[in-house]
Amino acid sequence: MTSAPLDIPEHLFVCIDHVGVAVPDLDEAKRLYTETFGMVVVHEEVNEEQGVHEAMVQINAAGGDTASQCIQLLAPLNEESTIAKFLDRSGPGLQQLAYRVVDVEQVSAVLRERGVRLLYDEPRRGTAGSRINFVHPKDAGGVLVELVQPASQPTAH
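Trainee: Requested: an account of the sheet that holds strand β3 (residues 52-58), with residues and values cited.
Mentor: Ordered in space as β2-β3-β4-β1-β5-β8-β7-β6, the 8 strands form an open sheet in which the pairing is mixed. The sheet is open, and its two borders are formed by β2 (40-47) and β6 (124-125), each paired with just one other strand. Bridge count between strand β5 (residues 93-100) and strand β8 (residues 145-149): 4 bridges; the pairing is parallel. The partner of leucine 97 across the bridge, within β8, is valine 145. Contacting β1 (15-22), β2, β3 and β4 (70-76), helix α1 (residues 26-36) runs over the sheet at an angle of about 160° to β4. In the packing of helix α3 (residues 104-113) onto the sheet, contacts are made with β7 (131-135) and β8, and the angle to β7 comes to roughly 15°.

What follows is the structure, given as structure tokens:
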């Protein structure tokens, strides 16, 4: 029995959502990005499930659309977190490239149909209530690719 082909969207990715940078000290990294590079912290949270304390920093460009130009600073919460293991193996630096998607389940299904391995069977909670999954680096040219479906924005009444 063959399954029906997926309704493949014209494009899978909306834009680059952010680039993740593993850092050993979040406060020190925030100082570098804000005081040296002139960026602004637009969101910060602790994600226990992912084992990280994170901050999203953004270019502070006058009049520019910087909504999809973020850097995600990721510091480990403990020695068992994925980011702690990354830092032990590779040191501080680029850890992942995240693409924004409209429907993380649909994109995951299309990628699986194309033979791509994802790290999770079902999406997990990401930054600011987003839904995420990751493409295995061996199936993405050596890059850890994150799929990010932003949390729904409440509608104004």
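Trainee: Hey, could you go over helix α2 (residues 82-90) for me, with residue numbers and the actual values?
Mentor: Three or four residues apart is the spacing at which side chains of an α-helix point the same way, because the helix has 3.6 residues per turn. For α2, the set of buried residues is Ile83, Ala84, Phe86 and Leu87. With its buried residues spanning 160° around the axis, α2 presents them on a single face. Residues of α2 that are exposed and angled more than 90 degrees away from the buried face: Thr82, Asp88 and Arg89. Of the surrounding secondary structure, the elements contacted by the buried residues of α2 are β1, β3, β4 and β5.

Rules of the game
- All residue numbers refer to position in the chain's written sequence, counted from 1.
- With the structure being a predicted model, the display of local features is reserved for residues of pLDDT at least 70 and the display and counting of side-chain atom pairs for 80 or more, all residues being used for whole-chain, interface and lining totals.
- Note that water and hydrogens are dropped before the side-chain values are worked out from all heavy atoms of the structure.
- When DSSP finds two or more bridges between two strands, those strands count as paired.
- The secondary structure listing takes helices from DSSP runs of H or I that are at least 4 residues long and strands from runs of E that are at least 2 residues long, numbered from the N terminus.
- When checking whether two residues touch, look at their non-hydrogen atoms; a contact exists if any pair is within 4.5 Å.
- The convention used is that axes are lines fitted to C-alpha atoms, helices contributing only their stretch in contact, and that angles between N-to-C directions extend from 0 to 180 degrees.
- Relative accessibility decides the category of a residue: with a 1.4 Å probe and only protein chains considered, values under 20% of the type maximum give buried, values over 50% give exposed, and everything between is partly exposed.
- As used here, the arc belongs to the directions running from the helix axis to the C-beta atoms.

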